[in-house]
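Fold and contact review
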Amino acid sequence: MRKDFKLSAPLDKDTVSILDAGDSVLISGTVYTARDAAHKKMIEGLNEGNNLPFDIKNSVIYFAGPAPAKKGEPIGSVGPTTSYRMDAYSPITLKLGVSAFIGKGKISKDVIDAMIKYKAVYIGAIGGAGALLSSHVIENEVIAYPELGAEAVHKLTVKDFPGIVVIDSRGNNLYETEYLKYKK
Amino acid sequence: MKNIHCKDITECVKNLCIKANCILNDDVYAAISKASEYEESEIGKDILKKIMENARIAHSEMKPICQDTGMAVIFIELGQDVHIQGGFIKDAVNEGVRLGYKEGYLRKSIVFDPLIRKNTNDNTPALIHYDIVEGENIKITVAPKGFGSENMSRIFMLKPSDGRDGVINAVMESVINAGSNPCPPMVIGVGIGSDFEGCALLSKKALLRPIGTFSDKEHLKSIEKELFNKINSLGIGPQGLGGRFTVLGVNVVCAPTHIAGMPVAVNISCHVTRHAEEIL
């Protein structure tokens, strides 16, 4: 049965291993946004011997690029971007210790294999619900690559940020199982 | 002959950029609402309700419905009896996009070169499609398009012998391939005929037709109905997590083409299918 969890981020690997595909989660704590250009820069930086802009061990990476904040608000709309575009980089970030990705849409077998190997989960947030999701962000700071604009790495403090475990650390995958129940 | 000043064009485009991105059109909202009533999947139903709540928050706070406020795709129907004063129409439109994306706190998502990839930081240039029409008005339609769904769009250069089945198969293949990526429930624009670039433009224009309406051409209407039912039998469902509603609407348009060909473009859009228009 689907279970409900309140998770704190960073997310320890013991917690990761008890999550099952289909569970609903509310995430509180620190998550980092990174999408196409930030991933490219992070991996290029690593190859040149630089450190990543945040502590990646047990981290939660949110594939997202927020809209700008209005005055007096921490952030603008911030829903997930499509995850497969980060497939080239995700096995590397998983190896370095990422515990969870928040995104939307399918990811490759290579990434899922790495999730199983290094114990991580893939959490789906509702794509296109950026205004609603922004209400769960209480702090927002650009910590790397400000020159990338919307694609900079943001450190977000979130409270009860809602998601669904789409792929768990054993490779169970809602994108593979759920449509079959409704297929005619 | 009517004079229209560039500053009015700029003001209009600015306002339409903000409106289109923050206020979900009634037809799309109604389609989501109806889907939420009939959705059989519990997760799917919950997602659809949250999507509606999101739209209401976006409207009341004038925040973008989706953070991907898109490439500013702009259709201009320029009456041939209009005289534009005070500058160049293209500059006026781009200035409107620049101001709209700044003042509306919309995301700047355009890079100046596809390989060098440096952000222009003001969401320009807009992608502007001009049509010269009769009359002395300018109709401006701003249709911001996010790339989560745009990336899933396809073009098929079919043969005449592929016929109606070829069209159906092309759309089904595109939707199955897209799966959970383009933020289902989707809206699908299909352009049939014209040529390679013409069918793509037709498919984008098809997305402007209100959801829940059908083509006035019987042969296209039957394709729309068949595709709607077939796609919603795939089970992909809201956000790809299973369910009855994978698509909110399928809009098909066609145009004359060559004796040797039958181009088909499938422009996939998301549940935040947006546009706003105004006549000057």
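Let me sum up the structure you'll find in this document. Remember, predicted model here, so these are calculated numbers, not experimental data.

1. Side note on the sheet that holds strand β10 (residues 276-279) of chain B
Residues and elements named next belong to chain B.
- What the four strands build is an open sheet, ordered β4-β2-β5-β10; its pairing is mixed. The outermost strands of the open sheet, each flanked by one partner alone, are β4 (127-133) and β10. Averaged over neighbouring strand pairs, the angle between their axes works out to 15° when direction is ignored.
- In the sheet, strand β5 (residues 138-145) pairs with β10 via four bridges, with the strands oriented antiparallel. From the neighbouring strand, Val142 faces β10, where its bridge partner is Ala276.

2. Description of helix α6 (residues 163-178) of chain B
Residue and element names in this part refer to chain B.
- The first and last C-alpha atoms of α6 sit 23 Å apart over 16 residues, in line with the 22 Å expected at 1.5 Å per residue.
- For α6, the set of buried residues is Val167, Ala170, Val171, Ser174, Val175 and Ala178. On an axial view of α6, the arc spanned by its buried residues comes to 125°, and they lie on one face. Structural note: α6 exposes Gly163, Asp165, Ile176 and Asn177 on the side pointing more than 90 degrees away from its buried face.
- Contacts made by the buried residues of α6 are with β6 (154-158), β7 (186-194), α8 (218-231) and β9 (262-269).
- One or two steps after α6, the chain reaches Gly179, where phi turns positive at roughly 50°.

3. Points about helix α4 (residues 89-103) of chain B
All names here are of chain B.
- With 15 residues, α4 ought to run about 21 Å at 1.5 Å a step, and its terminal C-alpha atoms sit 21 Å apart, in line with that.
- Turning to α4, its buried residues are Ala92, Val93, Asn94, Glu95, Gly96, Val97, Arg98, Gly100 and Tyr101.
- Buried-residue contacts for α4 involve α1 (6-22), β2 (71-79) and β4.
- Once α4 finishes, Tyr105 follows within two positions and takes phi at roughly 55°, a positive value.

4. A few points about the sheet that holds β7(B)
Residues and elements named next belong to chain B.
- Sheet architecture is open: four strands sit in the order β6-β9-β7-β8, paired in mixed fashion. Edge positions in the sheet fall to β6 and β8 (247-257), since each has one partner strand and no second. When the angles between neighbouring strand axes are averaged without regard to direction, this sheet yields 15°.
- The pairing of β7 with β9 spans six bridges and is classified as antiparallel. Paired with Ile188 across the strands is Ile268, a residue of β9.

Definitions and limits used
Residue positions are counted from 1 within each chain, in the order its sequence is given. Chains and ligands are labelled by the order in which they are written, letters from A for the one and numbers from 1 for the other. Whole-chain, interface and lining totals are the exception, using all residues; otherwise, since this is a predicted model, local features are given only for residues with pLDDT of at least 70 and side-chain atom pairs are given and counted only at 80 or more. By definition, two strands form a pair when at least two bridges between them are found by DSSP. The secondary structure listing takes helices from DSSP runs of H or I that are at least 4 residues long and strands from runs of E that are at least 2 residues long, numbered from the N terminus. The angle between two axes is taken between their N-to-C directions and runs from 0 to 180 degrees, where each axis is a line fitted to C-alpha atoms and a helix contributes only its stretch in contact. Here a helix's expected span is defined as the number of its residues, less one, multiplied by 1.5 Å. Partly exposed residues are those whose C-beta has more than 12 but fewer than 20 other C-beta atoms within 10 Å; with 20 or more the residue is buried, with 12 or fewer it is exposed, and the C-beta atoms are placed from the backbone. It is the directions from the helix axis to the C-beta atoms that the arc portrays. Whether two residues are in contact is decided by their C-beta atoms, placed from the backbone, lying within 7 Å.

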